[in-house]
Amino acid sequence: MNHSARAFWLASPGNGEIREETLAAPAEGEVLVRALYSGVSRGTETLVFRGGVPVSQHAAMRAPFQEGEFPGPVKYGYLSVGVVEEGPGELVGRTVFCLYPHQTRYVVPASAVTVVPDHVPAHRAVLAGTVETAVNALWDAAPLVGDRIAVVGGGMVGCSVAALLARFPGVRLQLVDADPARAKTAEALGAGFASPADALGDCDLVVHASATEAGLTRSLELLAPEGTVVELSWYGDRRVSLPLGEAFHSRRLTVRSSQVGTVSPARRRRTYADRLALALDLLADPALDALVTGESAFEELPDVLPGLASGQIPALCHRVRYAEDD
């Protein structure tokens, strides 16, 4: 088997490169995975690419198989789908998802990979990490049948949340975003769409994922009395101001965080593996293909990441494909 590999590294903020890697043969209980696809999580990964991870968050922001340190050189990423070439017999030949950076081949513990169900295509499975975030957000939010709900922020996470909420019976659901192009995405996911100015108010629940101060402020404005904003945005090193005077207290509003890395307290009996397996099963829905808005070859990543970070290349999830002979 081929034990050489190539990996994408952030050499310094704003500068990426592809480096050669030599892999050790997998030991007992490990697997060798050949990458088929990986995904660029535009929000987090472009923040890392720009060097915007605060020093206080260097430990919290580490990816499971990250090498190097922020701000660089660092090998970062966590949306990889591949096929097992070596390892336990029950895994060899299976398509798996792993929280691994952008690399053509890699060796990890067998426990670090999750088998992709046969009814989920490999090219869609790169969304598993983000849909898993959405699953946890909804465990935190606990929406009810018939709720009036807005998702503010039509990025990758917000759209994933909207896609799952669109399956809830009887809800009034709007995806709210300043970009009118997101209307087409919302339609594909089965959600309504509105600009921030035109969004329907009197919401029982608002899920905020725009990572902007204006978006969080608007989320509070859209709530009904005793409504809740579930905050999914991560702001890096930015400070955010909120209007907590005015009617915030008299209307008994709530703002609560949703932690990506920890299972919701309401679901403590469920493990991270349970959550990821559920996310992969939910990806059987072809409507979720709307979340992949671009694709390029692995070799193009040093040129693609600057475009994604600057917004020159608009994207929700940008998919990276790997050649069969990598």
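Structure: see above.
Overview of the structure.

The end-to-end C-alpha distance of helix H3 (residues 128-141), which contains 14 residues, comes to 20 Å, matching closely the 20 Å that a straight helix rising 1.5 Å per residue would cover. Burial analysis of H3 places 14 of its 14 residues in the buried class, which makes it a mostly covered element. Ala 142 occupies a position one or two residues after H3 and carries a positive phi of about 50 degrees.

Take the sheet that holds strand E10 (residues 148-152) next. Strand order in the open sheet formed by six strands is E12-E11-E10-E13-E14-E15, with parallel pairing between adjacent strands. Where the open sheet ends on each side, the last strands, each with one partner, are strand E12 (192-194) and strand E15 (254-257). Each strand of the sheet is rotated relative to its neighbour by a mean of 25 degrees, with strand direction disregarded. Where strand E14 (residues 223-231) lies against E15, four bridges are found, and the strand directions are parallel. What sits directly across from Val 230, in E15, is Arg 256.

Right, let's talk about the nonpolar core for a bit. Core analysis: the biggest nonpolar cluster contains 70 residues, and Phe 97, Leu 127 and Val 161 have the highest contact counts within it. Here this core takes eight residues from H3, the largest share from any one element. With residues up to four places along the chain from it excluded, the contact list for Val 161 reads Ala 134, Ala 137, Leu 138, Val 151, Val 207 and Leu 232.

Here the focus is helix H4 (residues 156-165). Burial analysis of H4 places nine of its 10 residues in the buried class, the great majority of the element. Every buried residue of H4 is accounted for by Met 156, Gly 158, Cys 159, Ser 160, Val 161, Ala 162, Ala 163, Leu 164 and Leu 165.

A word on unusual backbone geometry. Cis rather than trans, the peptide bond between Phe 70 and Pro 71 has omega equal to 0 degrees. Mapping Pro 71 onto the fold places it in the loop between strand E4 (67-68) and strand E5 (74-75). Cis geometry marks the peptide bond from Gly 72 to Pro 73, where omega comes out at 0 degrees. Relative to the helices and strands, Pro 73 resides in the loop between E4 and E5. Look at Asp 202: it is not a glycine, yet its phi comes out positive at around 60 degrees. Among the structural elements, Asp 202 can be located in the loop between E12 and strand E13 (203-208). Under the relative-accessibility criterion, Asp 202 is labelled partly exposed at 41%. Here Arg 252, not a glycine, exhibits a phi torsion of approximately 55 degrees, which is positive. Within the fold, Arg 252 resides in the loop between E14 and E15. With relative accessibility at 56%, the residue Arg 252 sits in the exposed group.

Another point: the side chain of Gln 103. On the secondary structure map, Gln 103 appears in the loop between strand E7 (95-98) and strand E8 (105-109). Of the residues examined, Gln 103 reaches a relative accessible area of 1% and is grouped as buried. At a separation of 2.6 Å, a polar atom in the side chain of Gln 103 contacts the side chain of Lys 75. When neighbours within four sequence positions are excluded, Gln 103 is seen to be in contact with Ala 5, Arg 6, Ala 7, Glu 21, Leu 23, Ala 35, Lys 75, Phe 298 and Tyr 322.

Our focus in this paragraph is the pattern of salt bridges. Any two side chains of opposite charge can pair, so long as their charged atoms come close to each other. In this structure the tally under the stated criterion is 18 salt bridges. With its nearest N and O atoms 2.9 Å apart, the salt bridge here joins Arg 105 to Glu 85. Within this pair, whereas Arg 105 is found in strand E8, its partner Glu 85 is found in strand E6 (residues 80-86), the two being separated by 20 residues in sequence. Just as Arg 105 is buried, Glu 85 falls in that class too. Close ionic contact of Asp 118 with Arg 94 constitutes a salt bridge, the shortest N to O distance being 3.8 Å. Here Arg 94 lies in the loop between E6 and E7 and Asp 118 lies in the loop between strand E9 (113-115) and helix H2 (122-125), a separation of 24 residues in the sequence. Asp 118 sits in the exposed class, given a relative accessible area of 74%. Judged by its relative accessible area of 31%, Arg 94 falls in the partly exposed class.

What counts and what doesn't
- Residues numbered from 1 in each chain as written.
- Predicted model: local features only at pLDDT ≥ 70, side-chain atom pairs only at ≥ 80, totals over all residues.
- Heavy atoms only, no water.
- Helix = DSSP H or I, 4+ residues; strand = E, 2+ residues; numbered from the N terminus.
- Expected span 1.5 Å × (residues − 1).
- Buried < 20%, exposed > 50% of the residue type's maximum accessible area, 1.4 Å probe, protein only.
- Pairing = 2+ DSSP bridges.
- Axes fitted to C-alpha atoms, helices over the stretch in contact; angles between N-to-C directions.
- Core = buried A, V, L, I, M, F, W, Y, C linked by side-chain atoms within 4.5 Å.
- Contact = heavy atoms within 4.5 Å.
- Polar contact = N/O pair within 3.5 Å; in protein donor to acceptor, adjacent residues only side chain to side chain.
- Salt bridge = Lys/Arg side-chain N within 4 Å of Asp/Glu carboxyl O.

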